[in-house]
Amino acid sequence: ASSTKSDFIREIIAADLASGKHETTVTRFPPEPNGYLHIGHAKAICLNFGIARENAASGARCHLRFDDTNPSKEEVEYVQSIKEDVAWLGFDWGENLFFASDYFEFFHDCAVALIEKGLAYVDQQSAEEIKNTRGTLTEPGKASPFRDRGVTENLELFARMRAGEFKEGEAVLRAKIDMAAPNVVMRDPVIYRVMHAHHHNTGDAWCIYPMYDFAHPLEDAKEHITHSLCTLEFEIHRPFYDWVIEHCPVPAKPRQIEFARLNLNYTVMSKRKLLTLVKEGHVSGWDDPRMPTLSGLRRRGVPAAAIRNFCERIGITKFNGVTDVALLEFEIRDYLNKEAPRRMAVLDPVKLVLTNYDEGRSEEVAVPNNPEKPEEGSRQVKLTRELWIEREDFMEDPPKKFFRLFPGGYVRLRGGYIIHCTGFQKDEHGNITEIECEYLPDTIGKDAPEGVKCKAAIHWVSAEAGVHARVRLYDRLFTVENPDAAEGGFVSVLNPDSLQTVHAWVEPALLETAPEEIVQFERLGYFVADRHEHVRGAKPVFNRTVALRDSWSR
Ligand code: ATP
Ligand code: MG
Ligand code: MG
């Protein structure tokens, strides 16, 4: 944690501790349970929980708060997934789990307090009328004919709203601020509306619900949040946040600070759009490995640490921009290069026969588990007369500088012998069906003999000992950098080839991989044993996390 770069928010927090303005720091991560968390949320999680962790010595903490004040969109399934994803990302809210819906009585009391101060009124204009009298950037708004109602009448009408005497849209409660304020947000914003909806937590206890802009500062105050960190869109809402804190009977005075949200190219991030992908069946679910959700990234094999490193690298600023998804892929490779054990798998197999290796003969050769971690040693891999190699590692008629297999050429079998290509077979369509080679005895772990030009090593799997595996290769879900801006909508630019399933031959050790274990298939990329479908010892199913190099530009 001490390696964390500082930023303008951390500087403010450090200054507030130094000056004694706060004795400790309390942040919160406040998702609305209306979808699964995505990589954008990871930025906010790493920021809020990260700050709490860095300031643990002063008793700092970060609350996980479900912002569940809107009964129409929220589902209990999402609460569960959000908890799971925050924990997976490596953060712990401890005792500090809250539901904003537990504060409905408090919000209501604050609204009543505003009415009593003459700072709120019941407006019976239609939603349309309210919208149309808001004014514009250059023109002030028009006061509602109900704006100057007396306190008693407002209290009575608000009580009747609560009692269910109004239908939806017939009455709202508005803050009484300034219809001519230059900031449109301050032109008497609506703070309560009628909604005859069942709420997952409070059932049918309420038929009026607070607006987000009113509830959020009160939630923060109720929990004694010191620094309420949100994305830049809320900057123009800050004066109202401060107004609510100033005029309501609150136990603490939180401060809102805005930072730039994360946007990634080739990605859509809004929960509404992600829900569309799920509902319309463009992906297999919220955790489809092509989704930018945390559960999708997890199933794709992206380590939580790589996401944390990525969030740290992009940092916290005040400037909106688009981050290249290649940067996330860089962090994934950087992490996995050090951590992932190497294994051999052949995804597009062609048979290779060692014609001078006796039938029935076999031997074990030692292949290093991870050149980045010599302490992990090596494993024994069975070598036999018949092998599978990658179809693209052989060329009948190679260009110059092709260092793999071709008639007359030499190549090394990873961990094994140097072999010499003596011939090949083709079928009637011209496809290579078999490659014939001779192995050079006494070349395991030794340099090539005099006169033998061997410049590459290829991976292989014994045809006798190899295990059959289903391997899913993923590509970007969208074909354009900015799917949100596509003329036909983001669904029109889905990549039809974002998923390819191949039947591979893999070395037997991969059968023993546990679900969620990540390995490098040598020379191909990083692959994870699927969290749900891979069955250890019985049914190997792997997902490609990321290729070794950027496959998109290849
Ligand atoms: P979406 O717009 O994707 O529906 P949201 O902002 O409505 O997301 P919330 O559940 O309200 O989703 O978000 C919880 C927290 O996560 C908020 O504090 C919000 O600022 C933060 N957050 C959401 N998206 C991003 C993002 N792309 N980058 C950084 N923070 C984000
Ligand atoms: Mg939201
Ligand atoms: Mg949103």
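All of these numbers come straight from a predicted model, not from anything done at the bench. (Residues numbered from 1 in each chain as written. Chains lettered and ligands numbered in written order. Predicted model: local features only at pLDDT ≥ 70, side-chain atom pairs only at ≥ 80, totals over all residues.)

(A) A look at the overall build of the chain. In terms of helices and strands, the chain carries twelve helices and 25 strands. Whereas a compact globule of 554 residues would reach a radius of gyration of roughly 24 Å, the chain reaches 31 Å, over 25% beyond that. With the C-alpha coordinates of the chain rotated into their principal frame, the extents come out at 100 × 55 × 45 Å. (Helix = DSSP H or I, 4+ residues; strand = E, 2+ residues; numbered from the N terminus. Rg over C-alpha atoms; globule rule 2.2 N^0.38 Å.)

(B) Molecular detail of the sheet that holds strand E19 (residues 457-458). The mixed open sheet is built from seven strands, whose spatial order is E19-E16-E17-E18-E12-E15-E20. The sheet is open, and its two edges are formed by E19 and strand E20 (461-462), each paired on a single side. Of the pairings in the sheet, the one linking strand E15 (residues 386-390) to E20 comprises two bridges and is antiparallel in character. Bridge pairing in E20 links Trp388 to Val461. (Pairing = 2+ DSSP bridges.)

(C) Fine view of the packing of helix H4 (residues 104-116) against helix H7 (residues 212-222). At a minimum axis distance of 10 Å, the contact between H4 and H7 shows a crossing angle of 115°. Relative to H7, H4 is oriented roughly perpendicular. With respect to the hand of their crossing, H4 and H7 are arranged in right-handed fashion. Residues Phe106, Phe107 and Cys110 of H4 lie in contact with H7, whose contacting residues are Ala215, Leu218 and Lys222. Class assignment for the residues of the contact of H4 with H7 results in five nonpolar, no polar and one charged. (Axes fitted to C-alpha atoms, helices over the stretch in contact; angles between N-to-C directions. Parallel < 35°, antiparallel > 145°, perpendicular 65-115°, else oblique. Left-handed = near helix turned anticlockwise from the far one by under 90°. Contact = placed C-beta atoms within 7 Å. Nonpolar A, V, L, I, M, F, W, Y, C, P; charged D, E, K, R; others polar.)

(D) View of the environment of Asp109. Along the chain, Asp109 falls in helix H4. Classification of Asp109 as partly exposed rests on a count of 14 C-beta atoms within 10 Å. (Buried ≥ 20, exposed ≤ 12 C-beta atoms within 10 Å, placed from the backbone.)

(E) Here's a closer look at the sheet that holds strand E10 (residues 342-343). Strand order across the open sheet formed by seven strands is E10-E23-E24-E25-E21-E22-E11, with mixed pairing between neighbours. The open sheet has two edge strands with one neighbour each: E10 and strand E11 (345-346). Relative to strand E24 (residues 525-529), strand E23 (residues 518-521) runs antiparallel, the two sharing four bridges. Among the inter-strand pairings, Ile518 is bridged to a residue of E24, identified as Val528. Sitting on the sheet, helix H12 (residues 325-339) touches E23, E24 and strand E25 (541-547), and the angle it makes with E25 is about 115°.

(F) Spatial organisation of the environment of His247. Mapped onto the elements of the fold, His247 is located in helix H8 (residues 238-247). In this structure, the C-alpha to C-alpha distance between His247 and Leu119, residues 128 residues apart in sequence, is 8.4 Å. Excluding anything up to four places from it in sequence, His247 contacts Leu114, Lys117 and Leu119.

(G) Geometry of the nonpolar core. By size, the foremost hydrophobic cluster in this structure holds 98 residues, and its most contacted members are Ile45, Ile307, Ala345, Val346, Ile389, Trp460 and Val461. The element that contributes the greatest number of residues to this core is helix H2 (residues 39-54), accounting for nine residues. In terms of nonpolar packing, the next biggest core, distinct from the first, is built from 36 residues, Phe66, Phe107, Ile115 and Val122 among them. (Core = buried A, V, L, I, M, F, W, Y, C linked by C-beta atoms within 7 Å.)

(H) Quick look at the domain arrangement of the chain. Per the domain assignment, the segments of the chain are domain 1 (8-99 + 215-327), domain 2 (104-211), domain 3 (343-462) and domain 4 (467-547). The C-alpha-based centres of domain 2 and domain 3 are spaced at 75 Å. (Domains from an automatic or database assignment.)

(I) Spotlight on the environment of Pro441. Within the fold, Pro441 resides in the loop between strand E18 (432-439) and E19. Separated by 174 residues in sequence, Pro441 and Thr267 have C-alpha atoms that sit 52 Å apart.

(J) Inspection of unusual backbone geometry at higher detail. Phi at Asp188 is positive, roughly 50°, even though this residue is not glycine. Structurally, the position occupied by Asp188 is in the loop between strand E5 (172-175) and strand E6 (190-194). A positive phi angle is found at Lys401, which is not glycine, with a value near 70°.

(K) Fine view of the site of ligand 1. Looking at ligand 1, there are 14 residues lining it, with Pro31, Gly40, Ala44, Arg261 and Lys271 nearest. Broken down by secondary-structure element, the contributors of at least two residues to the shell around ligand 1 are H2 and strand E8 (227-231). With four residues, the single largest contributor to the shell around ligand 1 is H2. Among the residues forming the shell around ligand 1, the class breakdown is six nonpolar, four polar and four charged. (Near = placed C-beta within 6 Å.)

(L) Region of the structure containing the packing of H7 against H8. At a closest axis distance of 9 Å, the pairing of H7 and H8 adopts a crossing angle of 55°. The angle between H7 and H8 falls in the class oblique. Between H7 and H8 lies a crossing whose hand is right-handed. Note on element contacts: H8 touches H7 through Phe240, Tyr241, Val244 and Ile245, opposite Asp213, Phe214, Pro217, Leu218 and Ala221. By residue class, the composition of the contact of H7 with H8 is eight nonpolar, no polar and one charged.

(M) View of the pairing of strand E17 (residues 418-426). Here three bridges tie strand E16 (residues 410-413) to E17, and the two strands are oriented antiparallel to one another. When the sheet's bridge partners are listed, Val411 is paired in E17 with Ile419. Counting the residues that bridge the hairpin from E16 to E17 gives four residues, and of these Gly415 lies at a positive phi of roughly 80°. When E17 meets E18, the two strands line up antiparallel, connected through seven bridges. Paired with Gln425 across the strands is Glu434, a residue of E18. Counting the residues that bridge the hairpin from E17 to E18 gives five residues, and of these Gly430 lies at a positive phi of roughly 85°.

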